[in-house]
Amino acid sequence: MKIKNKILLYMLPMLLLAVNSLIAQTVSSVTGKVTDAKNGNPIEGVSVTVKGTTTGTSTDVSGNYNIKISSNNAVLVFSFVGYSDQEVPANKPSIDIKLSSSEVTGLNDVVVIGYGTQRKKDVTGSIAKVTGEQITTIAAPSFEASLQGKAPGVQVTQGSGLAGSGSVIRIRGIGSISAAGDPLYVIDGIPIYQDNFQQGNSGGMNLNPLAAINPNDIESIEILKDAGATGIYGSRGANGVILVTTKRGKVGKLSVNYNNKLGAVTYANRPDFLSNREYLAIRQEAYTNDGHSGYPDLNGGISWSKAMNTNTNWWALLTRVGMINEHSLGVNFGNKLVRSYIGAVYSDNESYLQNNSYTRAGLRANLDFNFSPKFKVLLNGAYNRGINKRVPAAWAGGLGDAMSTALPYYPVYNDDGTYFTGGSNPVRRLNETKWRNYDDRVLAGLTLEYKPIKNFTIRAQGSLDYFNTMDYQYESAEWLQRTDVPGIAKANPYWGTNWQANVTAQYDFNVTENSRMSVMVGTEAQESVVKGYNSDIYAYTDKQFYENKSLYKDSLAWFKTQPPNKSNFKEIEKDNWTFNSIFARINYNIASKYIFQLQARYDGSSKFGPNNKHGFFPSASAAWVISEEKFLKNSDLINLLKFRASYGIVGNANIPSGEYYYKYYTGSTNYQGEPTLYPSNIGNPDLKWETLKNFDLALEFGLFKNRITGEVAYYNKNTIDQLLNAGIQPNTGFGTMWRNLNGGKILNEGVELSLNLKVIDKKDFSWTVGGNISKNYNEVKSIGDLDADALGGGTNDTRIIVGYPVGTNFVSRYYGVDPVDGLPIWYDAQGKLTKTFSLDNRVPVGKVIPDYVGGVNTALRYKQFELSALFTYVIGGNLYDGSAKRQAGIITDWNIRRDLLDRWQNPGDDAKFPRTTLQTGTYPGLSSEWQYNSTMFLYDASFMRLRELTLRYNIPSGCLKRVGLRNASIFVTGMNLLTFTKYIGGDPEIARDFENAQDRNMSPNVTYLTPPQQKSVMGGINITF
Amino acid sequence: MKKYLIIATAIFSMSSMVACSKFLERPVEDALTEEDAIYDEATLKSFLNGTYVNTATDLYSGNQTWIADLMGDEINGNLYSGDDGEFYNRKTSIFGAYKNDRYTAMNQIVYRANKIISRLDLATSDKDNVEGEAQFLRALARFEILKLWALNWGATADNNHLGIVLRNETSINGLNRSTIKESYDAVIADLVSALAKVKDTPAAGHAGKDQVKALLAKVYFQKNDFANAFKYADEVIKTGKYILDKDDTTPTGLKWTAKRYSEGKSTEMIFGFKYVLSVLEVGGELRGRYRSDVGFSPQGRFKASSVMYNLGTQTGDTRAAWYAPTQTDGVTYYPITKYDKDRFDRPVIHLTDLKLIRAESAAELGGANLAVAIADVNDILTRAFAGTSRNIATSATKNEVLTQVRAQRELEMIGEGDRLQQIKRIGALTGQTVDRRNAPSNCPGMAIQFPQGEKSGYSSFTMNEEGGCN
């Protein structure tokens, strides 16, 4: 609190000094109206100043202004974000102005920053903007997946082909270990609930809280990357911030926009598996290799003869062509008093997996009330429901079984018509179990904006993020293999309230004739509470709970009323945290040439121990718009040249709550009728945030009348005090505890380049090419006294090792096959060849972090036709095929991928994989096929894919007017139509299900029966009337 | 001036929002701090109750039984892969969540016992009993860890080979393993101390003197200390409170072979856990890994070797009911039926086990004790063959008794994870190879490997040697 008071004390005198410059004399006035040159709509808030003086005003809701001038030679300057400035001599009493949209540079575009907006040319931090239009072109499972390839420094790895699958997003690398490395998502001002692990990785998928967000509601997404941008978010800014701004009403007549998408979905890449006879031949070969004669035992208790005559194509039985059916409606209306945007959406996107789809229905109303020039109220509310018809995948079964333990000679049904149960039977599971997630989410906010005096604005904002997720599962009596019950319906709900309130005060004033300062101070409080029950609600029934809501209510009531000696069922709090903060930003702009910005935030959080409850996070940034200097002002070659730099300290607080104290829970079950108590962790009162020291340099440019624009950026980020939940001996009874890694240091250093080129810019014909490429160098500098195995990424054999990147593949090195006997040859830790496998010979050999990521886009417009494409790519890094160890060499109860068949069969064979065997002991030193991790299955992760391809036809306005339409277009779009990769085992884009945040930080690019990404083709219309 | 006042008022108003420091004191609602959780004898006993529940669910769900049976020699090891294959091949590694998670969970019972012992200042009227029960549970967990993660007592002449970590406090400092002698001494010291503190007649489900003695008998038996094993087993058996299961007298009644793992039908359980639907559903892993009647697959369930099947299904042996040969398309497997129920109690120490301990100990001690041994083994045989036709003679020699009692132990305890311990124990005692798979009883792989976290959390930790049994 002392620091907070100091900030206030320092700021007040500055404010007081600054306002002295506001005194001016006036002699006459000019009035007029400012409208949009394109549509004639009035523009509110346009800055109208007398050039060279401090005199200024702004337009009201109708676009009207009235300004005093002291001289008839005065020049009025009209400026507004998103429009080009206009200068007009004040030589008559009434002057109407038509403002045109800014040029391709977008320098006058408004950019959303934390707790405010700035013109792009005034921004001193690193912010990438993606518009709403750009993220709705494809039917991605969730809106964040659409960011792939569209912003430099932002790596988006889409999870899998499952409906509603989330993405792993990394902004300028990863510096966290156990704390989540995901960016902070802020929607209309509220940091939203974004926990992927509330239900662990059940079903082979982490829940995606972002899936229910309606992409059609989004006006823009700003990605804050450096401390100059994220610093205002203090202890939560280390991994970047993604600001999502939803659409708001504009002044104008009632307009209605409707668009739809209809299409089909399949898989982008698929692995190919052996048929029954092929598999049996391999098994027989392995048996013979092991020195046996006759036939080997078969899994599933199936005879050889029957196996030879049963060939089940499990992949075909579990997949289909899915359908996309999406409709959205947007209604816009605005007048002097109120502006409104009403949006509604319904979409039903099936994946290519049988019984798997994500249905989204949503309604949004954003209302802006302008009660007076001084007082404004903004109201926004959205309700979205997402219904994820789930199926298990990957390790949990379903298509994962089809890719592994569902052997091709297993039948679906026995001869008597009953299901085969001797081994995996994913069709039985598909038919006899049901699974749905209902995800209801309300995002609402109220903002009061009051301008008590000129240029002084007080904003009070309150937001609510309410969510209710219901996990329904049903298992039939057949699945349970019970005759005493008809089946079981289970439900596991959790719900939460996440609210935030902030108040900011901003004062803008001229310090000198050509310099302007903006001071903003604010305070914010946030609380997030997640609740649920301590065990499932269930009932033995023949119907799912979602088909019989009254049974669910009765069952819930029954559980709640059970005496403690029968059941300790109760409502529990799963998570609960608070933040309380003050923050400030000072922006000083000298002649739009030199811009300086200071930000600071003082955060307190309930997540941290009593010894480290509060943290201070300062940052400074500056920009020099070189092209505004006299020597470049009128250059034909260089239209924009802006140099930017920032340095700051930000933090990461994304850990579970309540880890700083020893927690105990009363038991959900009693023992002999007596109460029970359980410990759940080892507390740590010193627990605090992890710290990122972030330095950024950038050069923005526009050349040849801004036909070439772009940006080059360099960053250097050092993360220290990493939050850690690992590295203590399991004989403590826990094996993990949350603490800060003493002496830990991780470097992320990189360069980004983005370039946009207007090749042709004619009235009826234009062609643009653009793209971005980002290079991130990640190195673990220190992890204190921990060794390589102390920090692992789940079961993915990725590690954090000094001198290597986060997520280093730590496996044995495979030399090749001994052509004499077909046994594998390895390198030992010293690099000598050996035929004895040992986990002691594991070394760092690969990395999940790529060298380069980016995207290339192009758009061709000819008259009414538009053709656009986006290629995304990854260069470098490694992909680890985590399931192949069960499919090559040692033949177990898994089917075998065809690409793993290049094996030794006879002396002299030059093969990629060793001889087949049924016994792990055949390969000396190997304990089991699970430990068979090596470079044998490590691949180059580079790939390029045609992420988007769209052909659009804009119907001429002449035709439209006759039917009362303003705009209309029809389009056809393809997603992931082409993929170029060296990996032949499936899809190269992988972010598998993760066990926890640490696994998520370390193990993208490790596949384990992961369903391949979707490929889709769809068409639709977009009309406005 | 008005302008400055407005600005100042606004800013100072905002500052009041952050004045409430209690806003940041938000422990998770349902979670208790240690001060709120354990503050008197009643709450300390609640914590003890929780430790019993975890003993039932983490220690005796069936995982350790399954691991031991895979490592034994009564199983048909074909088709097991992954972790199961590692156990079967007695070649475990630093990885493998099945055993590593169990190791952590078993050690958490030790942690909880340590916590109870460290907070005995809160106990009042029942202090001795609480301490004794905590010591019993700590000893029980350590004994189970010892049996799987260490070679047997006697595997080296001086018993200086390594045992387990002996952590006596709720600390997180790095620790290495103690020797097998120190490990056994710690277990026995806990039990001897507990014996003096626990009640003669404990509350249901809790450890009293009989339970401590029974465990002492098992511990001493495992270290081939027959005098003490006999002493404690004898004392428990002589209480007469525990009776060998018998067939129901009604024609449709339960056979004794279906009672040991039944819901309330066994009279043998000395220490164990009652199945309580929706409250304490014990034995889940036993059902999952052993059932022959539901969901059997040869690659995922217990299937006895043909040798074991033939031994266990001799003419007239009622224990043949424990085998359910399964023939599909000409392929025959021998799953067992002991756990073929949706619900059953989970005995940890039962009378049959104790009688066989007394019998073998008595035989080893010889002399007058031999008659006790013969009587005990004949009790077992009489029940097994529904009569005395297969009983051994009262004049049987020590070796004849030992051979018979060990054979009966194997038949009685099929699928209970016992055989591995007998391979290790008898091998250490006799120096001979007992294992039908011909592995020496002290080959390294007879002890499973510790989790890598032990080493990465404490670099001086000594891991087990791996493999070497085949």
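Predicted, not measured: the structure shown is a model, and the values here were computed from it. (Residues numbered from 1 in each chain as written. Chains lettered and ligands numbered in written order. Predicted model: local features only at pLDDT ≥ 70, side-chain atom pairs only at ≥ 80, totals over all residues.)

Novice: Please give an account of the overall build of chain A that cites residues and values.
Specialist: Each helix and strand counted, chain A has 13 helices and 53 strands in total. Each of the three principal axes of chain A carries a C-alpha extent, and together these read 110 × 70 × 60 Å. Buried positions account for 54% of the 1025 residues belonging to chain A. Considering only contacts in chain A between residues 6 or more positions apart, those separated by 24 or more positions represent 71%. (Helix = DSSP H or I, 4+ residues; strand = E, 2+ residues; numbered from the N terminus. Buried ≥ 20, exposed ≤ 12 C-beta atoms within 10 Å, placed from the backbone. Contact = placed C-beta atoms within 7 Å.)

Novice: How would you sum up the domain arrangement of chain A? Please name residues and give values.
Specialist: Per the domain assignment, the segments making up chain A are domain 1 (2-101) and domain 2 (190-249 + 265-275 + 311-807 + 848-882 + 933-953 + 972-1018). On a C-alpha basis, the centres of domain 1 of chain A and domain 2 of chain A stand 40 Å from each other. (Domains from an automatic or database assignment.)

Novice: A description of the confidence of the model for chain A should follow, citing residues and the corresponding values.
Specialist: When pLDDT is averaged across chain A, the result is 91; 96% of the residues are at 70 or more. Note that pLDDT drops below 50 for residues 1-26 of chain A; the model gives that stretch 40 contacts with residues more than four away or on any other chain. (pLDDT = per-residue confidence, 0-100.)

Novice: Let's hear about the interface of chain B and chain A: which residues, and what values?
Specialist: Contact residues are listed per partner, giving 84 residues for chain B and 84 residues for chain A. Broken down by secondary-structure element, the contributors of at least two residues to the side of chain B that touches chain A are α1 (2-15), α2 (34-37), α3 (41-59), α5 (82-88), α6 (97-118), β2 (326-328), β3 (331-333) and α17 (452-457) of chain B. Considering each element in turn, the side of chain B that touches chain A owes the most residues, nine residues, to α1 of chain B. Split by residue class, the side of chain B that touches chain A holds 38 nonpolar, 32 polar and 14 charged. (Nonpolar A, V, L, I, M, F, W, Y, C, P; charged D, E, K, R; others polar.)

Novice: Explain the sheet that holds strand β5 (residues 75-79) of chain A to me, using residue names and the numbers behind them.
Specialist: Residue and element names in this part refer to chain A. Read across the sheet, four strands follow the order β3-β2-β5-β6 without closing on themselves; strand pairing throughout is antiparallel. The open sheet has two edge strands, β3 (56-58) and β6 (86-89), and neither has a second partner. Averaged over neighbouring strand pairs, the angle between their axes works out to 20° when direction is ignored. Of the strand pairs in this sheet, strand β2 (residues 47-50) and β5 are connected by four bridges, and their pairing is antiparallel. (Pairing = 2+ DSSP bridges. Axes fitted to C-alpha atoms, helices over the stretch in contact; angles between N-to-C directions.)

Novice: Describe the sheet that holds strand β52 (residues 1006-1007) of chain A, and please don't skip the residues or the numbers.
Specialist: Spatial ordering of the open sheet is given by β48-β47-β52 (chain A), a layout of three strands whose pairing is mixed. Here the strands that pair on one side only, and so sit at the sheet edges, are β48 (938-940) and β52 of chain A.

Novice: Just give me the short version of unusual backbone geometry, but keep the residues and values in it.
Specialist: All names here are of chain A. Despite not being glycine, Asn 355 shows a phi value in the positive range, around 65°. If you trace the backbone, Asn 355 turns up in the loop between β19 (338-350) and β20 (357-372). For Asn 355, a count of 19 C-beta atoms within 10 Å translates into the label partly exposed. One non-glycine residue with positive phi stands out, namely Lys 863, at about 50°. Considering the arrangement of structural elements, one finds Lys 863 in the loop between β45 (852-862) and β46 (865-875).

Novice: If you had to explain the environment of Lys 336 of chain A to someone new, which residues and values would you point to?
Specialist: Locating Lys 336 of chain A in the fold gives a position in the loop between β18 (322-334) and β19. Spatially, the C-alpha atom of Lys 336 of chain A lies 48 Å from that of Asn 492 of chain A, the residues being 156 residues apart in sequence.

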